[in-house]
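Fold and contact review
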Number of protein chains: 2
Amino acid sequence: MEQKKNVVCLVDDEFEDLELWYPVYRAREEGASVVFAGPEKGRKHIGKYGVPAVADLSYEELDANRFDGLLVPGGWAPDKIRRDSRVLEFVRRMDEAGKPIGQICHAGWVLISAKILKGRKVTSTPGIRDDMENAGAEWFDEAVVIDRNLISSRRPPDLPEYAKAFCDALYERR
Amino acid sequence: MEQKKNVVCLVDDEFEDLELWYPVYRAREEGASVVFAGPEKGRKHIGKYGVPAVADLSYEELDANRFDGLLVPGGWAPDKIRRDSRVLEFVRRMDEAGKPIGQICHAGWVLISAKILKGRKVTSTPGIRDDMENAGAEWFDEAVVIDRNLISSRRPPDLPEYAKAFCDALYERR
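Bear in mind that the values here come from a model prediction, so they are computed numbers and not experimental data.

This brings us to the overall build of chain A. In terms of regular secondary structure, chain A is built from 6 helices and 11 strands. Its C-alpha atoms give chain A principal-axis dimensions of about 35 × 35 × 30 Å. Going through the 174 residues of chain A one by one, you find that 55% of them count as buried.

What follows is about the nonpolar core. General note: in soluble globular proteins, nonpolar side chains tend to be found buried as a group. By size, the foremost hydrophobic cluster in this structure holds 124 residues, and its most contacted members are A:Cys9, A:Val11, A:Val91, B:Cys9, B:Val11 and B:Val91. Ignoring sequence-local partners within four residues, the contact set of A:Val91 consists of A:Leu70, A:Ile101, A:Val110, A:Leu111, A:Ala114 and A:Ile116.

Counting residues at the interface gives 13 residues for chain B and 13 residues for chain A. Elements with a minimum of two residues in the side of chain B that touches chain A: helix H1 (17–29) and helix H6 (159–170) of chain B. Of the residues forming the side of chain B that touches chain A, the biggest block, 7 residues, is contributed by H1(B). Broken down by class, the residue content of the side of chain B that touches chain A amounts to 8 nonpolar, 1 polar and 4 charged.

Turning to the pairing of strand S1 (residues 6–10) of chain B, a few remarks are in order. Residues and elements named next belong to chain B. Of all the 5 residues making up S1, 4 are buried; the element is thus mostly covered by neighbouring parts of the structure. Judged from the 5 bridges that link them, S1 and strand S2 (residues 33–38) form a sheet pairing that is parallel. In the strand pairing of S2, Cys-9 is matched with Phe-36. Examined bridge by bridge, S1 and strand S6 (residues 69–72) share 3 bridges and lie parallel to one another.

What follows is about the packing of H1(B) against H6(B). Geometry of a packed helix pair, given as the angle between the helix axes and the separation of the axes. Residues and elements named next belong to chain B. Two numbers describe how H1 lies on H6: the axes approach to 9 Å, and their chain directions differ by 45°. Considered as vectors, H1 and H6 are oriented oblique to each other. In this structure, H1 meets H6 at a crossing whose hand is right-handed. Contact residues: H1 offers Leu-18, Glu-19, Tyr-22, Pro-23, Arg-26 and Ala-27, while H6 offers Leu-159, Tyr-162, Ala-163, Phe-166, Cys-167 and Leu-170. Its residues assigned to classes, the contact of H1 with H6 shows 10 nonpolar, no polar and 2 charged.

Residue and element names in this part refer to chain B. Strand order across the open sheet formed by 7 strands is S5-S2-S1-S6-S7-S11-S10, with mixed pairing between neighbours. Strand pairing shows two members of the sheet lacking a second neighbour, strand S5 (57–58) and strand S10 (144–147), which therefore form its edges. Sheet analysis places strand S7 (residues 101–104) next to strand S11 (residues 150–153), joined by 4 bridges and oriented parallel. Across the sheet, Gln-103 pairs through a bridge with Ser-152, a residue of S11. Against the sheet, H6 makes contact with S1, S6, S7, S10 and S11, and its axis sits at roughly 175° relative to S11, the strand it touches most.

It is worth spelling out the sheet that holds strand S11 (residues 150–153) of chain A at this point. Residues and elements named next belong to chain A. If you trace the 7 strands from one edge of the open sheet to the other, you get S5-S2-S1-S6-S7-S11-S10, paired in mixed fashion. Two strands close off the open sheet at either side, each with one partner strand: strand S5 (57–58) and strand S10 (144–147). Running at roughly 125° to strand S7 (residues 101–104), helix H3 (residues 85–96) makes contact with strand S1 (6–10), strand S6 (69–72) and S7 of the sheet. Contacts from helix H6 (residues 159–170) reach S1, S6, S7, S10 and S11, with the element oriented near 175° to S11.

Here the focus is the relation of the copies chain B and chain A. One copy of the chain maps onto the other through a rotation about an axis plus a displacement along that axis. In the superposition of chain B on chain A (RMSD 0.0 Å, axial shift 0.0 Å), the rotation amounts to 180°. On this basis, the relationship between the two copies can be described by a two-fold rotation axis.

So, how was this worked out
Residues numbered from 1 in each chain as written. Chains lettered and ligands numbered in written order. Predicted model: local features only at pLDDT ≥ 70, side-chain atom pairs only at ≥ 80, totals over all residues. Helix = DSSP H or I, 4+ residues; strand = E, 2+ residues; numbered from the N terminus. Buried ≥ 20, exposed ≤ 12 C-beta atoms within 10 Å, placed from the backbone. Core = buried A, V, L, I, M, F, W, Y, C linked by C-beta atoms within 7 Å. Contact = placed C-beta atoms within 7 Å. Nonpolar A, V, L, I, M, F, W, Y, C, P; charged D, E, K, R; others polar. Pairing = 2+ DSSP bridges. Axes fitted to C-alpha atoms, helices over the stretch in contact; angles between N-to-C directions. Parallel < 35°, antiparallel > 145°, perpendicular 65-115°, else oblique. Left-handed = near helix turned anticlockwise from the far one by under 90°. Least-squares fit on C-alpha atoms with pLDDT ≥ 70 in both.

Scope: geometric values only; no functional claims are made or implied.
So, in structure tokens, the structure goes:
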């Protein structure tokens, strides 16, 4: 039996709807418990297209000891998410612990502000390639790039490969 | 090596965004080719929340010899989809051939109008339970109900189990 894995997905307004939801459901398929953390517990956030997601936890409750994996969605939400120091501290702790961090599209902004990208191999939407490289990352135009615990993808059509790679890392299948 | 599987997902306006997209990406993770078929090739349809999906094929091109599996999304789209005789004929042929048919939430309306539900075990949104039973189906309140080639689910939170069950049927893993 696999042990129960606890995953948290960060959320704020105007997330990319499928980039947020697809990996969440995919990790639940594996049996993981996946919760959303946002600025305020119970607040409903609406994706770029209009799909909702409700925060189960507030950022205040983020604790790297409690979670086995982290998902950061794309869309415009990362522009908001990156401004919260509690989130950035949490991202750093998850990275230091070598726990899987999945980031897709514009999610890289959050990792930039957490200052964990120096010397790391990543991808992202080409739109923020400059930001990623300026943060010290090595950028590849590939559907999925894996650098130890860091799993990154570019855009929605990469979702099938991306979510599988995140789950493989979560369950240490590679 | 698994052989390449070809899946078609029916589409029209106001599909349930995640019920349409999650199983499509999940089947693509398995290596399946998944295309959308709608009233007109190239037409963009918008989900209930606003996520788009473009028809790769028109209903005219539906051919049961060409596809190994069929996905019918929920939302309000099934109310439109069930009115097209070419779709209903295709659904019947897929069912006669014993090919996996995934249906979730309100998708059951399409199967009702294809007249394939008599004596079959199914689930759906509770909202159309009466319609399903009046069509001769036996209805269960379970996340996934499997009756031979027919895989059905109730609503978005069932998606992880639903898409896995559809893929298992597609790749004959049970």
